[in-house]
Amino acid sequence: MKTRTLRRSLAALSLVAVLPFAACGTDAADTAATSGSATSTTTDSTATDQRGPGGGPGGPGDTVDVSSVSSEADLVALVQEAYGDASLGLHRGHQPVEDVLDEVLQISHDELHVRMEEQGQNLAAVATDLGIDPQTLIDALVDSWSPAVDNALAAGSITEDQAAEYLDALEEAFTYRVTWDGSEATPTFSGTDA
């Protein structure tokens, strides 16, 4: 009986250690490997990571690959993704923007989680606390995804006026994501009016 209880306790502790990382789109197998856990996983050699560059908040197909955007429908999906996923708490799923967060905030992923989950800080509060203007973070996020707008413009899918509107929409979405207070409903983006 004690052995079964011990196994259940260990399984629960393993799950607790993996869940915060899974919510960010981090592969649980990667988390176990880097945390020193004795978890054994079997991987199909034909399986591929379908999250795309930077991963995604929910799994395969949830992330728009910035470098592959060529249509207006792709841009609409990209802007919607820039708002983040409210079901993932204050960080809204930062895996797709993790490189930018690392570069601008210069703190570890674990420290970001502590600040957001334990201290209740949104990205703007984290940046401010680190002496960084939140607008600097917003600008860096927009810059990292703006090549998608350029790609759609080059493909002839949108006009120059629409390109400017999509850049504005990305800024609005990332501003929302960085400053989200945890209660406001996520807007739905359906395209530009141009």
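This structure is a prediction, so every number in the text was calculated from the model and none was measured.

S.K.: What is the right way to read the overall build of the protein from this model?
M.R.: Counting secondary structure elements, the protein contains eight helices and zero strands. Written out in order from the N terminus, the α and β elements of the protein read α-α-α-α-α-α-α-α. In the protein, buried positions account for 37% of the 194 residues. As displayed, the protein offers around 10600 Å² of accessible surface, 51% of which is attributable to carbon and sulfur atoms.

S.K.: Any chance you could explain a negative patch on the surface here in plain terms?
M.R.: A surface patch of like charges, here negative, comprises Asp133, Asp139, Asp143, Asp168, Glu171 and Glu172. Listed by contribution, the elements that provide at least two residues to the negative patch are helix 7 (134-154) and helix 8 (160-179). Ranked by residues supplied to the negative patch, first place goes to helix 8 with three residues. Note on glutamate 172: relative accessible area 53%, which makes it exposed.

S.K.: Sorry, what's going on with the nonpolar core here?
M.R.: One broad trend across soluble globular proteins is that nonpolar side chains are buried collectively. With 41 residues, the main nonpolar core has Leu75, Leu105, Leu137, Leu170 and Phe174 as its most contacted residues. The set of elements that each furnish at least two residues to this core consists of helix 3 (72-82), helix 4 (98-105), helix 5 (109-118), helix 6 (123-129), helix 7 and helix 8. If we ignore the near neighbours within four places in the chain, the residues touching leucine 170 are Leu78, Val79, Ala82, Val142, Trp145, Ser146 and Val149.

S.K.: I keep staring at the pattern of salt bridges and nothing clicks. Help me out?
M.R.: It is possible for side chains bearing opposite charge to pair when their charged atoms get close. By the definition in use, this model includes two salt bridges. Salt-bridge contacts for arginine 115 lead to glutamate 111; the nearest nitrogen and oxygen are separated by 3.0 Å. Here glutamate 111 and arginine 115 lie together in helix 5, a separation of four residues that amounts to about one turn. By relative accessible area, which is 11% here, arginine 115 ends up buried. One salt bridge in this structure joins aspartate 129 and arginine 115, with 2.5 Å as the shortest N-O distance. Taken together, the positions of aspartate 129 in helix 6 and arginine 115 in helix 5 put the pair 14 residues apart, joining distant regions of the chain. Salt bridges sharing partners connect three or more residues here, namely Glu111, Arg115 and Asp129.

S.K.: Honestly, the packing of aromatic side chains in this entry has me stumped. Any pointers?
M.R.: A ring pair, where both rings are aromatic, is described by two values, the distance of the centres and the angle of the planes. Scanning the entire structure with this criterion turns up three aromatic pairs. Ring geometry for tyrosine 83 against tyrosine 176: centres 5.4 Å apart, planes inclined by 70°, an arrangement best described as edge-to-face. Of the two residues, tyrosine 83 sits in the loop between helix 3 and helix 4 while tyrosine 176 sits in helix 8, which places them 93 residues apart along the sequence. Per residue, the accessibility class of tyrosine 83 equals that of tyrosine 176, and both read buried. Plain terms: the ring middles of tyrosine 166 and phenylalanine 189 are 5.9 Å apart, the flat faces sit at 70° to each other, and that makes the pair edge-to-face. Of this pair, tyrosine 166 sits in helix 8 while phenylalanine 189 sits in the segment after helix 8; the two residues are 23 residues apart in sequence, bridging distant segments of the chain. The pair formed by tyrosine 166 and phenylalanine 189 is uniform in burial state, with each residue classed as buried. Positioned above the aromatic ring of tryptophan 180 is the side chain of arginine 92, whose terminal nitrogen or guanidinium carbon lies 4.2 Å from the ring centre.

S.K.: Sorry, what's going on with the packing of helix 3 against helix 7 here?
M.R.: Describing two packed helices takes the angle between their axes plus the distance from one axis to the other. The N-to-C vectors of helix 3 and helix 7 enclose an angle of 165°; their axes lie 10 Å apart at closest approach. Comparing the axis directions of helix 3 and helix 7 gives the class roughly antiparallel. Note that helix 3 runs across helix 7; the crossing there is left-handed. Where helix 3 abuts helix 7, its residues Leu75, Leu78, Glu81 and Ala82 lie against Trp145, Ala148, Val149 and Ala152. Of the residues in the contact of helix 3 with helix 7, the class split is seven nonpolar, no polar and one charged.

The rules behind the values
Sequence order sets the numbering: in each chain, residues are counted from 1 along the sequence as written. Totals for whole chains, interfaces and linings use every residue, but because this is a predicted model, local features are given only for residues with pLDDT of at least 70 and side-chain atom pairs only at 80 or more, for both listing and counting. Water and hydrogen atoms play no part in the side-chain values, which are based on all heavy atoms of the structure. Strands here mean DSSP runs of E at least two residues long; helices mean DSSP runs of H or I at least four residues long; both are numbered from the N terminus. Accessible area is worked out with a 1.4 Å probe on protein chains only. A residue is then buried under 20% of its type maximum, exposed over 50%, and partly exposed in between. Surface accessibility in these figures is a Shrake-Rupley result with a 1.4 Å probe; residues are shielded only by whichever protein chains are displayed. Residues forming no salt bridge and having over 30% relative accessible area are the ones grouped into patches, like charges within 9 Å of each other and nonpolar side chains (Val, Leu, Ile, Met, Phe, Trp, Tyr) within 5 Å. Salt bridges are defined as contacts in which a side-chain nitrogen from Lys or Arg sits within 4 Å of a carboxyl oxygen from Asp or Glu. Positive charge is attributed to Lys and Arg, negative charge to Asp and Glu, and no charge count is given to His or to the chain ends. To locate a charge, take NZ of a lysine, CZ of an arginine, CG of an aspartate or CD of a glutamate. Each nonpolar core is a collection of buried residues, namely Ala, Val, Leu, Ile, Met, Phe, Trp, Tyr and Cys, held together in the definition by side-chain atoms within 4.5 Å. A contact between two residues is defined here by any heavy atoms of the two lying within 4.5 Å. Note on aromatic contacts: the rings of Phe and Tyr and the six-membered ring of Trp form a pair at centre separations within 6.5 Å, being stacked when their planes are under 30 degrees apart, edge-to-face when over 60 apart, and tilted otherwise. In this scheme, Lys NZ or Arg CZ marks a charge over a ring once it lies within 6 Å of the ring centre and within 35 degrees of the ring normal. Geometry is summarised by axes, namely lines fitted to C-alpha atoms with helices restricted to the contacting stretch, and by angles between N-to-C directions that run from 0 to 180 degrees. These descriptions rest on fixed angle ranges, namely under 35 degrees for roughly parallel, over 145 for roughly antiparallel, 65 to 115 for roughly perpendicular, and the rest for oblique. Two helices that cross are described as forming a left-handed crossing if the nearer one is turned anticlockwise from the farther one by less than a right angle, and a right-handed crossing if clockwise. Residue polarity is assigned by list, with Asp, Glu, Lys and Arg as charged and Ala, Val, Leu, Ile, Met, Phe, Trp, Tyr, Cys and Pro as nonpolar; anything else, Gly included, falls into the polar class.

Remember, this is a structural readout, not a statement about activity or role.
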